[in-house]
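# Analysis of the macromolecular model
Residues per chain, in single letters:
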Amino acid sequence: MDKLIIEGGVPLIGSMTISGSKNAALPILFASILLDEAATLRNVPDLRDIHTTLKLLGMLGCSCEYQDEQVRVRPGSLLPEAPYELVRTMRASVLCLGPLLARIGQARVALPGGCAIGARPVDQHLKGLEQMGARFELEQGYILGHCRELNGAHITFDMPTVGGTENLLMAAVLAEGETILENAAREPEVVDLAHFLLACGAHIEGQGTSRIHIAGVSRLHGAEYAVMSDRIEAGTFLAAAGITCGELLLRHCPANELEAVTLKLQDMGMKITTTSEGVLVNCARPLRGVDVTTKPYPGFPTDMQAQIMSLMCLAEGTSVVEETIFENRFMHVMELERMGAQIRTSGHIAMVRGVRRLAGAPVMASDLRASASLVLAGLAANGTTEVRRIYHLDRGYERIENKLNSVGARIRREKE
Ligand code: UD1
């Protein structure tokens, strides 16, 4: 297992390029199951979750080649089983359910189970697919799904779910007739998936709104498609400039999709401007405290909650964070406290009282975004911070230490 050793206190100065979005690439890779022909995907980040997905696609009967951020997926004769060994390392594996049912009328997918940030059920995925004609049983921890065919349906989600919307969208593009998804997730990654499916010949309207209309087609052809840039990686690096009092130019930064984050960072005192070359960010201390409530898009993303909390730890005054999407998403709090942060939590609310400095310490990463918040805190802290269990970080950030070191950070990777 690897750990990162960070010597803190260096302002980050320079430019970096934002990678392709993990959360957009994953559903698009699963959508390639729906095609009759090969798909070529560009801007696919070199991350553990991506390689897990390619492995799973291989087990499902597709052949995949990955080179230089480009994937070619060729459809083969499909098999229905997504085994627990893969699903337990990556919950997004459940996204093969819709495409498998649409293509071969059966799926055997391990139930993902709990994870560090809460229970994360898939009831909305199953309920929607049932409305389209699928039937499910639970057998030895596996969801067994089957259908003679999928039919269009009018589906209303109980809450906007990103994965649920993606699974249903993928099922609906090949279903018989029309499907309407109400209270759908509006996240940019859902829109990116819809754009990929449109490029393959699907009929979809309303992506990016809470009402998506899909008219089923009988087949989808291949396409070449470039995955959108990662708004959460970009947000994390904006925060890195802020917490180290540096100046960064982020190329390929999806500025429009990051508005809720940039507005908050500006409220904290950071200067963020969009130039022809990318997004330029700099920060003159001191940062000011702000209040943040996580919401579905276009609200403040839960995937940036831990990172902005690290900034709050060093901001003037008191900040309040309300996490409304996932229970149990304050795992970083205790680790930040070990570095000198002053945080009080009560249920899904955290109150952060800004301190003048953080002190380096050995800390333990618990989930992907919590790990990123500890790296940010380490970049700003006095002395040395050791972030352990960074396999979480490697699931979602491409070569994070190389990217940060290229703008002045002092981070090295060691075996634990
Ligand atoms: C996706 C992102 C994740 C992000 C999250 C919210 C991927 C691979 N992951 O996760 O990084 O943090 O969106 O923006 O894209 N829910 C149910 N029943 C369901 C489905 C969801 O109750 O069937 C609940 C969840 O427990 C949660 C909320 O709905 O409280 C939102 O979850 P959802 O949007 O589905 O998150 P994911 O798609 O798993």
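Residues numbered from 1 in each chain as written. Predicted model: local features only at pLDDT ≥ 70, side-chain atom pairs only at ≥ 80, totals over all residues. Heavy atoms only, no water.

The line we're drawing: UniProt positions are given in the numbering used here, feature names are shortened, and annotations may be inferred rather than shown by experiment.
Under an unreviewed UniProt entry, the name given to the chain is UDP-N-acetylglucosamine 1-carboxyvinyltransferase, and the organism recorded is Candidatus Desulfovibrio trichonymphae. Looking at the Sequence similarities (unreviewed entry) heading of the UniProt record, one finds this comment for the chain: "Belongs to the EPSP synthase family. MurA subfamily." The record in UniProt for the chain states the following under Subcellular location (unreviewed entry): "Cytoplasm".

## Concerning the sheet that holds strand β9 (residues 142–146)
The criterion, for reference: Strand pairing requires that DSSP identify at least two bridges connecting the strands. A run of H or I in DSSP counts as a helix once it spans at least four residues, and a run of E counts as a strand once it spans at least two, with each numbered from the N terminus. Contacts between residues were defined by any pair of non-hydrogen atoms, one from each residue, lying within 4.5 Å. For helices, the fitted axis covers only the stretch in contact; all axes are lines through C-alpha atoms, and the angles between them, taken along N-to-C directions, range from 0 to 180 degrees.
Taken together, the four strands give an open sheet; going across it, the order is β6-β7-β9-β8, and neighbouring strands pair in mixed fashion. With partners counted over all chains shown, the strands left at the sheet margins are β6 (81–82) and β8 (135–139), one partner each. Pairing of strand β7 (residues 106–110) with β9, which is carried by five bridges, proceeds in the antiparallel orientation. Residue pairing across strands places Ala107 opposite Gly145, the latter belonging to β9. Where helix α4 (residues 97–104) meets the sheet, it contacts β7, β8 and β9, and its direction lies at approximately 160° from that of β7.

## Some details on the nonpolar core
Quick note on the threshold: By nonpolar core is meant a set of buried Ala, Val, Leu, Ile, Met, Phe, Trp, Tyr and Cys residues that side-chain atoms within 4.5 Å join together. The buried label goes to any residue with under 20% of its type's maximum accessible area, the exposed label to any with over 50%, and the partly exposed label to all in between, with areas taken from a 1.4 Å probe on protein chains only.
In terms of nonpolar packing, the biggest core is built from 76 residues, with Leu169, Phe196, Leu197 and Leu220 touching the most fellow members. The element that contributes the greatest number of residues to this core is helix α1 (residues 22–31), accounting for seven residues. In terms of nonpolar packing, the next biggest core, distinct from the first, is built from 69 residues, Leu238, Leu248, Phe300 and Leu311 among them.

## Section: the side chain of Asp49
Within the secondary structure, Asp49 is located in helix α2 (residues 48–59). Those residues in contact with Asp49 that lie beyond four places of it in its chain are Lys22, Leu26, Thr89, Met90 and Arg395.

## Focus: the site of the ligand
Heads up, the rule is: Here a residue is considered near a molecule or strand provided that any single heavy atom belonging to it is located within 4 Å of it. Polar contacts here mean pairs of N or O atoms no more than 3.5 Å apart (in protein, one a potential hydrogen donor and the other a potential acceptor; neighbouring residues in sequence count only if both atoms are side-chain atoms). What sets the accessible areas is the Shrake-Rupley method with a 1.4 Å probe; for residues, cover comes only from the shown protein chains. In this document the domain limits rely on a domain assignment from an automatic tool or a database.
Around the ligand lies a shell of 17 residues, among which Asp123, Gln124, Thr161, Asp303 and Ile325 are the nearest. Take Gln124: an N or O atom from its main chain is 2.7 Å from an oxygen atom of the ligand. A distance of 2.7 Å separates an oxygen atom of the ligand from a polar atom in the backbone of Val162. The protein chains hide 83% of the 750 Å² of surface that the ligand would expose on its own. For the shell around the ligand, the secondary structure elements donating two or more residues are α5 (123–131) and α6 (162–173). The residue makeup of the shell around the ligand includes at least three contributed by each of domain 1 (2–18 + 230–415) and domain 2 (22–226).

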